[in-house]
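Fold and geometry: a report
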Amino acid sequence: MNIEVVSLKAQPAQCVADVLILGVFERGALPAATAEVDLVCGGAIRARIEAGDVGGKPKQLTKLYDLPNVAAKRVLLVGLGEASQLSAARYLDVVREALKALRNGPARKAASWLAELAVQGRDAAWAVREHVIAAETALYRYDATRRKPEKPDGLAELAIATHDETSVHAGRAIAHGMRRTRELGNLPPNICTPLHLADVARQMARDLTNVEVDVLDRAQMQALNMNALIGVARGSANPPQLIVLRYRGTRERKPVALVGKGVTFDTGGISIKPAAGMDEMKYDMCGAASVFGAIEASARLGLPIDLIGIVPAVENMPDGDASRPGDVVTTMSGLTVEVLNTDAEGRLILCDALTYARRFEPETVIDIATLTGACIVALGKHASGLMTKHDDLADELLAAGVEVHDRAWRLPLWDDYQTQLETSFADVANIGGKNAGAITAGCFLARFTEGLRWAHLDVAGSASDEGRKGGATGRPLPLLMQWLMQQAA
Ligand code: BES
Ligand code: MN
Ligand code: ZN
């Protein structure tokens, strides 16, 4: 479904749409637009509230039809909770629920006045931008590998009441990036291979302004001594690709580098995973997908930044030629790694990609990776794990996540944990034992990022929802874009 978001300045009662989306607070208080419609239709909304048919509990939804003097056939009244307690989280929830209720029709065209609401601690531009993003998020439907419906139905157009075209545009740019991130995450692993990701990157470079692409193949990686990266791909019939996207919105500043884990399927390799739920390892390239999304959103926003996206793309499979537990590989940095578990492959591809990032002399490097099950044990699905030695960078990223309700939580990267990675047979082992698995993965990466202003986001939990009806969430793109916009400002 393609939603056109158009800004709208009309009076709600005169708006020609199939459905108006209006808010209602708990205890009968009405936001301005709802009060205006109520006045025009002779108090019909208030009467329904008093009769108990309409309520303002958070996310409570009621449809009214054929209100007198109202041009739209239907009005969807959305409960907002207490007037004094409209938090950012509740606002986003309410917008998403309203659009989900409408997604399957029969209305084709909706017009919303929710972006006029005052949200605690946020300005008007935020409400408009986040309305667009929340609506697109709610209306997203994966259908790349489903039979196409005969004729499209459901909601096709959304108008948002605002004068702020700039924020609508910004929301749309970010929503497009998120859609890219989710779509790549959801694609099946037989389609979304490393070569497919490289093709998508090339297509993006053609379609987007100021975006360039460079793809390194196995031989080129070999020449750079990226043996940890290449080693992971040995068991796969799908060749590895190192994809480098660059969005140049300025030439006056040092670039920001985003490095995304692009394991298009993670069987675990010779340290093979159990069968149950293994299909979800198609999401092991969600870090890469968020890098693609960030490049797309930044280009569409025209941010005045220089952004490098580095994606090591591989498939982790068992095979006669696969790397085995006990193998020692020499990384591009010169450090040797003992591969004690072939299922700890994310850090192996990232260490070489992070070393490669140095050539761009980045101001800041952020890697995004579905790196450890241990991060899900620690934080669940609600928070991304943030690790960095730079307190100022941690504060920036945590605050960006709070602002757009895509939150991260910091875990320590103390050197005390480094001893867990010691081995007699190489400079470092790729696993750190049963304790603090998310942190020791971060500590492994820290050995390759000395001297860089670097942060690591473990999105193993936040990047996807579980189960057959789950799917890629598009996180942590909102956090990243909020941070990048602040860098640009
Ligand atoms: N891709 C997984 C991490 C993961 C697990 C992401 C579950 C999403 C859901 C990663 O490559 C992995 O297998 N990590 C191992 C590391 C261990 C062998 C040290 C893990 O978490 O079990
Ligand atoms: Mn793994
Ligand atoms: Zn993995």
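None of the values given here were measured: they were computed from a predicted structure.

**A word on the packing of helix H6 (residues 194-207) against helix H9 (residues 286-301)**
Contact pair H6 / H9: the axes reach a minimum separation of 11 Å and the direction vectors enclose 5°. In this view, H6 runs roughly parallel relative to H9, as classed from their interaxial angle. In contact with Leu 197, Val 200, Ala 201 and Met 204 of H6, H9 contributes Phe 292, Ile 295 and Glu 296. Residues that form the contact of H6 with H9 fall into these classes: six nonpolar, no polar and one charged.

**Regarding unusual backbone geometry**
If a residue is not glycine, its phi is most likely negative; likewise, a peptide bond is most likely trans. The peptide bond linking Gly 105 to Pro 106 adopts the cis configuration, its omega dihedral lying at 5°. Omega for the peptide link from Arg 475 to Pro 476 comes to 5°, which places this bond in the cis form. Counting through the fold element by element, Pro 476 comes out in the loop between strand S20 (471-472) and helix H14 (477-488). A positive phi angle is found at Lys 59, which is not glycine, with a value near 70°. With a relative accessible area of 35%, Lys 59 lands in the partly exposed category. Look at Asn 225: it is not a glycine, yet its phi comes out positive at around 70°. Summarising the element assignment, Asn 225 is placed in the loop between helix H7 (218-223) and helix H8 (227-233).

**What about the site of ligand 1?**
Inspection of the region around ligand 1 gives 16 residues, with Lys 273, Asp 284, Asp 343, Glu 345 and Gly 373 positioned closest. Taking Lys 261, its side chain carries an N or O atom lying 3.2 Å from an oxygen atom of ligand 1. Glu 345 places a side-chain nitrogen or oxygen 2.8 Å from an oxygen atom of ligand 1. Summarising the interface, the protein chains cover 74% of the accessible area of ligand 1, which totals 510 Å² for the free molecule.

**Description of the coordination of the manganese ion (ligand 2)**
Around the manganese ion (ligand 2), the protein supplies Asp 266 (OD), Asp 343 (O), Asp 343 (OD) and Glu 345 (OE) as donor atoms, at distances of 2.1 to 2.2 Å. Here the manganese ion (ligand 2) binds six donor atoms, and the angle range of 69 to 166° at the metal identifies the geometry as irregular. Between the manganese ion (ligand 2) and the zinc ion (ligand 3) the interatomic distance comes to 3.1 Å, and Asp 266 is a ligand of both metals. Remark: Asp 343 occurs in the loop between strand S13 (336-339) and helix H10 (346-357) and Asp 266 occurs in strand S10 (residues 262-266); sequence separation between them is 77 residues. Residue Asp 266 is classed as buried on the basis of its relative accessible area, which comes to 3%. Taking the relative accessible area as the measure of exposure, Asp 343 reaches 22% and is therefore partly exposed.

**Some points on the domain arrangement of the protein**
Parsing the protein into structural domains produces domain 1 (2-160) and domain 2 (177-488). Each of domain 1 and domain 2 has a C-alpha centre, and the two are 37 Å apart. Both sides of the domain 1 and domain 2 interface together cover about 1200 Å² of buried area, and 52% of this is carbon and sulfur. In terms of surface lost to domain 2, no three residues of domain 1 exceed Arg 122, Tyr 140 and Tyr 142, which account for 38% of the buried area on that side. Connecting domain 1 to domain 2 are two salt bridges. Across the pair Arg 179 and Glu 136 runs a salt bridge, and its minimum N-O distance is 3.3 Å. Joining domain 1 to domain 2, the criterion identifies eight residue pairs in polar contact (both at pLDDT 80 or more). Elements that contribute at least two residues to the side of domain 1 that touches domain 2 include exactly helix H3 (88-102) and helix H4 (124-139). Residue contributions to the side of domain 1 that touches domain 2 peak at six residues, all from H4.

**Re the environment of Cys 192**
Position of Cys 192 among the secondary structure elements: in the loop between helix H5 (165-186) and H6. Sequence separation of Cys 192 and Lys 282 is 90 residues, and the distance between their C-alpha atoms is 8.5 Å. Among all residues touching Cys 192, those that are not within four sequence positions of it are Leu 184, Leu 187, Leu 197, Thr 264 and Met 285.

**What to know about the sheet that holds strand S4 (residues 74-79)**
Taken together, the six strands give an open sheet; going across it, the order is S1-S6-S5-S2-S4-S3, and neighbouring strands pair in mixed fashion. Each edge of the sheet is formed by a strand with only one pairing partner; in this case those strands are strand S1 (4-8) and strand S3 (61-65). Mean inter-strand twist for the sheet, computed between neighbouring axes without regard to direction, equals 25°. Bridging between strand S2 (residues 19-24) and S4 involves six bridges; their strand directions are parallel. Looking at S4, one finds that Leu 22 is bridged to Leu 77. Here H4 sits on the sheet in contact with S1, strand S5 (109-112) and strand S6 (157-161), set at roughly 160° to S6.

Rules of the game
- Residues numbered from 1 in each chain as written.
- Chains lettered and ligands numbered in written order.
- Predicted model: local features only at pLDDT ≥ 70, side-chain atom pairs only at ≥ 80, totals over all residues.
- Heavy atoms only, no water.
- Axes fitted to C-alpha atoms, helices over the stretch in contact; angles between N-to-C directions.
- Helix = DSSP H or I, 4+ residues; strand = E, 2+ residues; numbered from the N terminus.
- Parallel < 35°, antiparallel > 145°, perpendicular 65-115°, else oblique.
- Contact = heavy atoms within 4.5 Å.
- Nonpolar A, V, L, I, M, F, W, Y, C, P; charged D, E, K, R; others polar.
- Buried < 20%, exposed > 50% of the residue type's maximum accessible area, 1.4 Å probe, protein only.
- Near = heavy atom within 4 Å.
- Polar contact = N/O pair within 3.5 Å; in protein donor to acceptor, adjacent residues only side chain to side chain.
- Areas by Shrake-Rupley, 256 points an atom, 1.4 Å probe, with all protein chains shown as cover.
- Donors = N, O, S within 2.8 Å, 3.2 Å for Na, K, Ca; no water.
- Tetrahedral: all angles 85-135°; square planar, octahedral: opposite > 155°, others 65-115°.
- Domains from an automatic or database assignment.
- Buried area = accessible area lost by both parts, 1.4 Å probe.
- Salt bridge = Lys/Arg side-chain N within 4 Å of Asp/Glu carboxyl O.
- Pairing = 2+ DSSP bridges.

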